[in-house]
Amino acid sequence: MSAPTQRPKVTAHEARQTAEAAREQDWHKPSFAKELFLGRFRLDLIHPHPLPADEDVRRGEAFLATLRTFCETRIDGARIEREARIPDETITGLKEIGALGMKIDTAYGGLGLTQLYYNRALALVGSASPAVGALLSAHQSIGVPQPLKLFGTQEQKDAFLPRLARTDLSAFLLTEPDVGSDPARLATTAVPEDDTYVLDGVKLWTTNGVVADLLVVMARVPASEGHRGGITAFVVEAGSPGITVEHRNAFMGLRGLENGVTRFHRVRVPASHRIGPEGSGLKIALTTLNTGRLSLPAACAGAAKWCLKIAREWSGVREQWGGPVARHEAVGTKISFIAATAFALEAVVDLASQLADEDRNDIRIEAALAKLYGSEKAWLIADELVQIRGGRGYETADSLAARGERAVPAEQLLRDLRINRIFEGSTEIMHLLIAREAVDAHLSVAGDLIDPATSLGDKAKAGVRAGGFYARWLPGLVAGPGQLPGAYGEFGDLAGHLRYVERTSRKLARSTFYAMSRWQGRMELKQAFLGRIVDIGAELFAMSAACVRAELLRTTGDHGREAHELADAFCRQARLRTEELFGRLWSNTDDLDRRIVDGVLDGRYTWLEAGIVDPGDDGPWIADATPGPSAEENVHRRIP
């Protein structure tokens, strides 16, 4: 048996089937966000705000203190930006303080931090250097430790987790030059041979891949006698014969990121290194990301807090037209947005993290919403900071320092944050992923009704099921606590916002139901509509988290009044955005946009491209990834 030289030919239907088979099919635990999309505001699932155990707090705070000292004394963010590399001594120092094992159990030599404190650690280290934060996140959130923790055998945990906790870096390899969010077309193969698998293929954008010691690799096992086949996960030693890191990629931001192109040519992997059964690779990847995605919004929350600090300090001393620029309304509204949204982003991350730690709720939608919302809002916050700083915001930190001013890396942060809208599921993919989960209850009872391939007999049975479900569900969307003036009174001045969330949740569910009734099987093609539905849900989730966090701080006496002020401002801003999104559900240019796109692709507007030159070259849009031996120098390097 030999590796194929061509990528699998996959239809749209087959691609959807692959994605559907990989997602978790059932809901065994309650989900606040899932209920929110169904028009049921289950405040009891998040309030009172869950809190960590005392021992978890003690251990977490102790490590944060150690990490803060390390960030202040041993991470030189400016040097990393200049040299486009994290110094070996910095990575060695992270190993020494146990930062590689933050999420690994103490039984394997890790620190055993909770998700809450792990995310706070990422926010802290990311404020010192986003590249260092990305290195630690890729290692633990999606690298080898997390899938082993969830799906590994005891033998695999014993063999690998102690290494990963202290000495070895890991990377996650799924993407290929011609495969992104459509894994059904995965071309890297793992062919069974005796008691091993032989890997062939090329992986792209392998974060940490340039310096990793251990890799988790997704490859397609061909179906054969005794082998179910399918996309499968493997732990692979990065130094194995046949592995070549052919290129270290350079990016717009995160210049210290050790990200590369990795080629596998007849790489032998012991069958004992397979994670889970054959064909379970995508399910392992998606399950890993359920909580792994929280690392990105954690970094975004930390970035937002730094932006607030710089905006406050700068706009208070910079004077124009007779006073500090902060006092001018044009700048003041930007500062208000930054402050209120920074509060909300931290509230979303902390709430989702604590829910993950308690493990009593299913947080797959909450984590996805946190990633979507955090990445989008942090980017806007950084953009507003650059605008507030004016020309100094566009100037590099080194240039500022060279002419005697404070080295504020605002433009660098803007570049560094941009990737978060793409990493671990682009905004567009997150919209579709969340929308699929949000309508799961509808598809479970009425999916056969809108599937043109379903027989008349099955449609009849589905009609009975759907009739029973909607007879119970639809009446609940008519009225609720959000229409009662005294509802949620314990939240004081924030009660009105929670009443709004409850009312709007029901309106959102009605809108979704109407759209499904109108478009039926064509609903999946209405991606712009689905994106707005998800964005409304994200605003409602963030409002809920902000109110619950503010009330927690009020009851604990920790800046409660100020927290209520920030939550109130955020909710008022979010309500305006939500109402705009509702207006665009039914009044938009979606149909016109599709016609324009057809015209662009058909070449009807090429005349508009006249009068320019294209500075790019004529190379291929997608690099050749034909399996075979490497002709490139291996740029993999091991950190001592």
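Placed above this text is the structure.
Residues numbered from 1 in each chain as written. Predicted model: local features only at pLDDT ≥ 70, side-chain atom pairs only at ≥ 80, totals over all residues. Heavy atoms only, no water.

Caption draft 1: Structural view of the pairing of strand β7 (residues 259-270). One ladder, built from 9 bridges, connects strand β3 (residues 196-207) with β7; its direction is antiparallel. Considered in β7, the bridge of Gly201 is made with Phe264. Taken together, the 5 bridges between strand β6 (residues 243-248) and β7 define a ladder with antiparallel strand orientation. Each residue of the ladder has a partner; that of Ile243, found in β7, is Phe264. (Pairing = 2+ DSSP bridges. Helix = DSSP H or I, 4+ residues; strand = E, 2+ residues; numbered from the N terminus.)

Caption draft 2: Seen up close, a nonpolar patch on the surface. Together, Leu592, Ile596, Val597, Val600 and Leu601 line one region of the surface with nonpolar side chains, adding up to about 460 Å² of accessible area. Along the chain, Leu601 falls in helix α23 (residues 590-602). Here Leu601 falls in the exposed class, since its relative accessible area comes to 70%. (Patch = residues over 30% accessible without salt bridge, like charges linked within 9 Å, V, L, I, M, F, W, Y side chains within 5 Å. Areas by Shrake-Rupley, 256 points an atom, 1.4 Å probe, with all protein chains shown as cover. Salt bridge = Lys/Arg side-chain N within 4 Å of Asp/Glu carboxyl O. Buried < 20%, exposed > 50% of the residue type's maximum accessible area, 1.4 Å probe, protein only.)

Caption draft 3: Layout of the side chain of Ser544. Assignment of secondary structure puts Ser544 in helix α21 (residues 527-556). Engagement of the side chain of Ser544 in a polar contact is seen with the backbone oxygen of Leu540, the distance being 2.8 Å. If we skip the residues at most four places from it in the chain, Ser544 touches Phe32, Phe41, Ile46, Leu498 and Val501. (Polar contact = N/O pair within 3.5 Å; in protein donor to acceptor, adjacent residues only side chain to side chain. Contact = heavy atoms within 4.5 Å.)

Caption draft 4: View of the pairing of strand β4 (residues 214-221). Burial analysis of β4 places 7 of its 8 residues in the buried class, which makes it a mostly covered element. Bridge analysis of β4 against strand β5 (residues 230-237) gives 8 bridges, and the strand direction is antiparallel. Bridging across to β5, Leu214 finds its partner in Glu237.

Caption draft 5: Up close: helix α20 (residues 495-519). With 25 residues, α20 ought to run about 36 Å at 1.5 Å a step, and its terminal C-alpha atoms sit 36 Å apart, in line with that. In the stretch just after α20, Gln520 is the one whose phi turns positive, near 50°. (Expected span 1.5 Å × (residues − 1).)

Caption draft 6: Quick look at the pattern of salt bridges. Tallying each qualifying case throughout the model produces 50 salt bridges. Across the salt bridge formed by Glu246 and Arg263, the nearest N and O atoms sit 2.7 Å from each other. On the criterion of sequence distance, the pair formed by Glu246 in strand β6 and Arg263 in strand β7 is long-range, its members being 17 residues apart. Classification of Glu246 as buried rests on a relative accessible area of 17%. Classification of Arg263 as buried rests on a relative accessible area of 10%. Salt-bridge contacts for Lys334 lead to Glu384; the nearest nitrogen and oxygen are separated by 3.0 Å. On the criterion of sequence distance, the pair formed by Lys334 in helix α12 (residues 329-358) and Glu384 in helix α13 (residues 364-389) is long-range, its members being 50 residues apart. Residue Lys334 is classed as partly exposed on the basis of its relative accessible area of 22%.

Caption draft 7: Region of the structure containing the packing of α21 against helix α22 (residues 560-586). Where α21 contacts α22, the two axes come as close as 9 Å, and the packing angle between them is 165°. Taken together, the axis directions place α21 and α22 in an arrangement best described as roughly antiparallel. The chirality of how α21 crosses α22 is left-handed. (Axes fitted to C-alpha atoms, helices over the stretch in contact; angles between N-to-C directions. Parallel < 35°, antiparallel > 145°, perpendicular 65-115°, else oblique. Left-handed = near helix turned anticlockwise from the far one by under 90°.)

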